[in-house]
Structures are given as C-alpha cells and as structure tokens.
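Chain by chain, the residues:
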Amino acid sequence: MQTQDHGGLIAAIATRQDRAAFQALFLHFAPRLKSLMLRMGASPAQAEELAQETMLAVWRKAHLFDPALGGASAWIFSIARNLRVDSARRDQRLGAMQLDPSDAPEAPPGPEHIALERQLNERVRKALAALSQEQLQVIMMSFFEDRAHSEISDHLDLPLGTVKSRLRLAMRRLRHLLDDVT
Amino acid sequence: MSIVHHPSNQTLGDFANGTLDAGRHVVVSAHIEMCTSCQRMVAALDRLGGAHLEQLPGTPLATGALEKALSRLGDLPPATPAAPRLESELPVRLAALAPYALGRWRWIGWGVHTRTASVPEPGGTRVFLLKAAPGTRLPYHTHTSTELTLILQGAFTHAGGRFGVGDLDDADDTVLHQPVVEPGADCICLVALRGQLRLPGWLGQLLQPFVRL
C-alpha cells in the first residue's frame, strides 16, 4: 500500500477527473482521516462526515496540488486540519459565517507561485532531514501524537525537564534551519 | 523580515494539529500570512502531520461510505471566489479575517478604540481589533487566561520587548505587562482574548467594565 503513488493519483484527478484514482485515495486515506478527526476531538459522526468532506475537498482542489513536490499526505493533512477548525466553528452557530475560507479564489497556481512552492518544499525537506531522530520524535509526540510531556518523559525514559528543553531546542533548530538561506 | 515575535511552540503546534480554538486560530492564521518564517514552520509541521496521518491505524467508515463519496463527486458546488474585503480602515488585508463581519470602532477610554470581529466563540475566546493613539500607556494588566496580540500597524513596547508590524505577542497568565504605544502612527492590533483582562488598581476598576466588551 505504501508503494502507491498518491501524488500521481491526485494528478490523475486533476487532469482527467479519474474516479478510480479517487477511489484508491479514499480507501487509503478516509479511514486514517476518520481516526485523525477522532483524535482532534470530533464525535464519531462528525469524524465520519469530516473524513468524507476532506476526500471531497481533495477531489475539488486536486488541480492545486503539485505532484512534483511529493507530500501528498501533508497536503491532505492540512486540508483535514482546516476543515476540522471550520467545523468546530460552524458547530457554534454563533455569529455570521458568510464564507468558507476553503472556498477562497482557486485559480490554478501561476509559474511564479509554483517556483516559490518548490523552493519552500526543498527548504522543508532539507531542514527536516537535518533534524536528529530524537528531535523529530519529540515534535511528533508533542504535537501530533498528542501526548502530555509527562507521558513522553515516561515513554522515552527521560526526565520531564529534558523533554521540555528537547522540544524547545528542536523547534528552535527547525526554525533556524528553515530560515537559513543556503 | 523584521518580525521577531512568533507564536509560542505550543501555540504553533496546536495550530498545526487543529486544536486551537477558532478565535486563536484566526489570529495565528493572520500572523502566518504576514510571517514567512512561520509559513515555513507550518509547512514543516504539515509534513510531520502527513507522516502521522500515514501511521495512524484506520477507523472503518460506515457501510457505503465510498459509494456515498463517489455519488457526491458529480454535484459538488463550484468553488465560489471569496469577494475581496474592501477594508479601508485595516492597514493589512488579511484572508484570515475575510469571513467575519467587523463591528464599529468604539471608544473605550484613554485614546483606545476597539472593534469586534464576529468570530464564533467555542472556547470563550473573543476576537477584536484594538486601536491606540501614539504615546498611549495602556493600563497594567494580567490575564485570567491567554491573549494573542498581532500588530497590524504601529508598535508598542513592554517588558517583553518591542512589538512592531507582524509581531505576535503570545502572553499567558504569568505575564504582567504595561504596553506603551510608540510615537508616530496609531497602533492597530488584532487580539484574541480568552478569559478576562484583570486590571489592577483604581484605574483598572474604572476601566474594567469597558474592557469587558
């Protein structure tokens, strides 16, 4: 399953509205997206609907994805995250929500934008590659696996203070690497 | 880029993992629009989020979920371009604020005006614009919870440093500060405030009812 080229499938949707490609992406990502939504605090019914909505957004936004960048899962993750934040907001039924920010102008990106995206992508790839395993792990555990620092401390068998300082150093180093013009 | 104050690691991490409340999400999104460095951080965190998504064990969807999705592909509404917000009173055009209605500027005292943004408030977080005249010395205050302040125009200084355009002041309840607005232009900020400001002293007692908004 990991050998599937998800970026290629998204491109197939963009270029020829390929429903078989959509189906393959759905089977891979939708159950994971449902788990992700549950972890972000959605109810089971919401998680189901948000997994659906995310996949429909992938269909609609496929032309905005640049397969040369790779990172299909990061792209889908960011769509899911934004939909989750919007849905939490809609649930409140407060205030006037006139526009869905995800419906902002969606002209296909121009050459200049594509060049910038590729630069950013290269920067991100290099920076993440330069972080140590320990640094990546503490960021992943803190922010995505949603573990308390005390839990990370137990899991890694490190004092609590070390976990906190490791996270601080890892984030500082990541920003430094990303901003360092090479 | 002259931006030196960014969201705390926790705030940025919560932005990336989708658990920031709506009000704070708006203000952090606005900062990210203005801050190349944070755009890169979020792009990197999204990569890790994508890796996390790949590692997650799936939760089975309801029977017929795929068929349902396939049947919805045909009748998806076309993406409607957002009408650009012609917001002459805002010094920076922000996509993050585009969906929300803004109230009128209201005078709350001592050269300070506020203007609410109609962001729904799941966590009791209020979003508003704050405008303070040059030289204004805002009252000392602490927070019962947290405050995010993004500077859109002008600058202020307090014990935590100088905050200019694009800087985000990510303050929590341990901070007691008295911002002083720099001479020159009005200082206009976008604020997400969770909980109440606590203003000590007689001035605070006087101002508190106004600041409660």
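Residues numbered from 1 in each chain as written. Chains lettered and ligands numbered in written order. Predicted model: local features only at pLDDT ≥ 70, side-chain atom pairs only at ≥ 80, totals over all residues. Heavy atoms only, no water.

Draft legend 1. Representation of the overall build of chain A. Each helix and strand in chain A was counted, giving eight helices and zero strands. Along chain A, from the amino end to the carboxyl end, the secondary structure elements read α-α-α-α-α-α-α-α. Within chain A, counting contacts between residues at least 6 apart in sequence, those at least 24 apart form 63% of the total. Looking at chain A as shown, the accessible area adds up to about 9100 Å², and 53% of this sits on carbon and sulfur atoms. (Helix = DSSP H or I, 4+ residues; strand = E, 2+ residues; numbered from the N terminus. Contact = heavy atoms within 4.5 Å. Areas by Shrake-Rupley, 256 points an atom, 1.4 Å probe, with all protein chains shown as cover.)

Draft legend 2. View of the sheet that holds strand 8 (residues 168–171) of chain B. Residues and elements named next belong to chain B. Spatially, six strands are ordered 1-2-3-10-5-8 in an open sheet, and the strand pairing comes out antiparallel. Every other strand in the sheet has two partners, leaving strand 1 (106–109) and strand 8 as the edge strands with one partner each. Taking the axes of each pair of neighbouring strands and ignoring which way they run, one obtains an average angle of 25 degrees across the sheet. Note that strand 5 (residues 147–153) and strand 10 (residues 187–194) share six bridges and pair antiparallel. Note that in strand 10 the partner of Leu150 across the bridge is Leu190. Sheet strands touched by helix 2 (residues 22–34): strand 3 (125–132), strand 5, strand 8 and strand 10. Its angle to strand 5, the strand with the most contacts, is close to 40 degrees. (Pairing = 2+ DSSP bridges. Axes fitted to C-alpha atoms, helices over the stretch in contact; angles between N-to-C directions.)

Draft legend 3. Examining the side chain of Gln135 of chain A more closely. Residue and element names in this part refer to chain A. When you line up the elements, Gln135 lands in helix 6 (residues 133–144). By relative accessible area, Gln135 is classed as buried at 13%. Ignoring sequence-local partners within four residues, the contact set of Gln135 consists of Leu169, Ala170 and Arg173. (Buried < 20%, exposed > 50% of the residue type's maximum accessible area, 1.4 Å probe, protein only.)

Draft legend 4. Molecular detail of the pattern of salt bridges. Scanning all chains against the criterion turns up nine salt bridges over all chains. Ionic pairing is found between Glu182 of chain B and Arg162 of chain B, a salt bridge with its closest N-O pair at 2.6 Å. Here Glu182 of chain B, found in the loop between strand 9 (180–181) and strand 10, pairs with Arg162 of chain B, found in strand 7 (residues 161–163); they are 20 residues apart in sequence, far enough to count as distant. A residue is classified by how much of its surface remains accessible, and Arg162 of chain B, at 46% relative accessible area, is partly exposed. When salt bridges that share partners are traced, they join Glu49 of chain A together with Lys68 and Arg72 of chain B into one network. (Salt bridge = Lys/Arg side-chain N within 4 Å of Asp/Glu carboxyl O.)

Draft legend 5. Up close: empty space enclosed by the protein. Counted by the stated rule, this structure contains two cavities of 30 Å³ or more. In terms of lining, the second largest cavity is formed by Leu36, Arg39, Met40, Phe77, Phe143, Phe144 and Asp146 of chain A together with Asn17, Thr19 and His52 of chain B. Those elements that provide at least two residues to the lining of the second largest cavity are helix 2 (19–39) and helix 6 of chain A. Its residues placed into classes, the lining of the second largest cavity shows five nonpolar, three polar and two charged. (1 Å grid on protein atoms, 1.4 Å probe; cavity = no way out; pocket = protein on both sides within 12 Å on 5 of 7 lines; lining within 4 Å. Points joined across faces, edges and corners; volume = space filled by probe spheres on them. Nonpolar A, V, L, I, M, F, W, Y, C, P; charged D, E, K, R; others polar.)

Draft legend 6. Quick peek at the interface of chain B and chain A. At the interface, 59 residues of chain B touch 70 residues of chain A. With both sides pooled, the region where chain B packs onto chain A buries about 5900 Å², and carbon together with sulfur makes up 65% of that total. Counting across the interface, chain B meets chain A through four salt bridges. Its salt-bridge partner being Arg81 of chain A, residue Asp46 of chain B comes within 3.2 Å of it at the nearest N-O pair. At the surface where chain B touches chain A, the tally comes to 20 residue pairs in polar contact (both at pLDDT 80 or more). Breaking the side of chain B that touches chain A down by element, the ones donating at least two residues are helix 1 (9–16), helix 2, helix 3 (36–55) and helix 4 (65–73) of chain B. (Buried area = accessible area lost by both parts, 1.4 Å probe. Polar contact = N/O pair within 3.5 Å; in protein donor to acceptor, adjacent residues only side chain to side chain.)

Draft legend 7. Quick look at the sheet that holds strand 7 of chain B. On the basis of which strands lie adjacent, the open sheet formed by three strands has the order 7-6-9 (chain B) and antiparallel pairing. Each edge of the sheet is formed by a strand with only one pairing partner; in this case those strands are strand 7 and strand 9 of chain B.

Draft legend 8. Region of interest: the nonpolar core. Residues Phe22, Phe26, Leu33, Ile139 and Leu174 of chain A together with Leu152 and Leu190 of chain B are the most contacted members of the largest nonpolar core, which totals 100 residues. No other element matches the ten residues that helix 2 of chain A contributes to this core. Other than its neighbours up to four places away in sequence, Ile139 of chain A contacts Leu131, Phe144, Leu167, Ala170, Met171 and Leu174 of chain A together with Leu45 and Leu48 of chain B. By size, the runner-up hydrophobic cluster in this structure holds 14 residues, among which are Phe128, Ile151, Phe156 and Val181 of chain B. (Core = buried A, V, L, I, M, F, W, Y, C linked by side-chain atoms within 4.5 Å.)

Draft legend 9. Region of the structure containing the confidence of the model for chain A. All names here are of chain A. Looking at chain A as a whole, its pLDDT mean stands at 85, while 87% of the residues score no less than 70. For chain A, helix 7 (residues 149–156) is the element with the lowest average pLDDT, namely 84, and helix 2 is the one with the highest, namely 96. Every residue in residues 93–105 is under pLDDT 50, and counting partners more than four places away or in other chains gives 26 contacts. (pLDDT = per-residue confidence, 0-100.)

Draft legend 10. Highlighting the packing of helix 6 of chain A against helix 7 of chain A. All names here are of chain A. Where helix 6 contacts helix 7, the two axes come as close as 10 Å, and the packing angle between them is 140 degrees. Here helix 6 lies oblique to helix 7, going by the angle between them. Where helix 6 crosses over helix 7, the two elements pack in a sense that is right-handed. Every residue of helix 7 that contacts helix 6 at Gln137, Met141 and Ser142 is listed here: His149, Ile152, His155 and Leu156. When its residues are assigned to classes, the contact of helix 6 with helix 7 shows three nonpolar, four polar and no charged. (Parallel < 35°, antiparallel > 145°, perpendicular 65-115°, else oblique. Left-handed = near helix turned anticlockwise from the far one by under 90°.)

Draft legend 11. Spatial organisation of the packing of helix 2 of chain B against helix 3 of chain B. Residue and element names in this part refer to chain B. Closest axis-to-axis distance for the helix 2/helix 3 pair is 5 Å, and the angle between their directions is 115 degrees. When the axis of helix 2 is compared with that of helix 3, the two are roughly perpendicular. Two secondary-structure elements touch here, helix 2 through His31, Ile32, Glu33 and Met34 and helix 3 through Thr36, Cys38, Gln39 and Val42. Partitioning the contact of helix 2 with helix 3 into residue classes produces four nonpolar, three polar and one charged.

Draft legend 12. The arrangement of a negative patch on the surface in detail. Taken together, the side chains of Asp146, Glu151, Asp154 and Asp157 of chain A define an acidic patch exposed on the protein surface. Among the secondary structure elements, Asp146 of chain A is positioned in the loop between helix 6 and helix 7. (Patch = residues over 30% accessible without salt bridge, like charges linked within 9 Å, V, L, I, M, F, W, Y side chains within 5 Å. Lys, Arg positive; Asp, Glu negative; His and termini not counted. Charge placed at Lys NZ, Arg CZ, Asp CG, Glu CD.)

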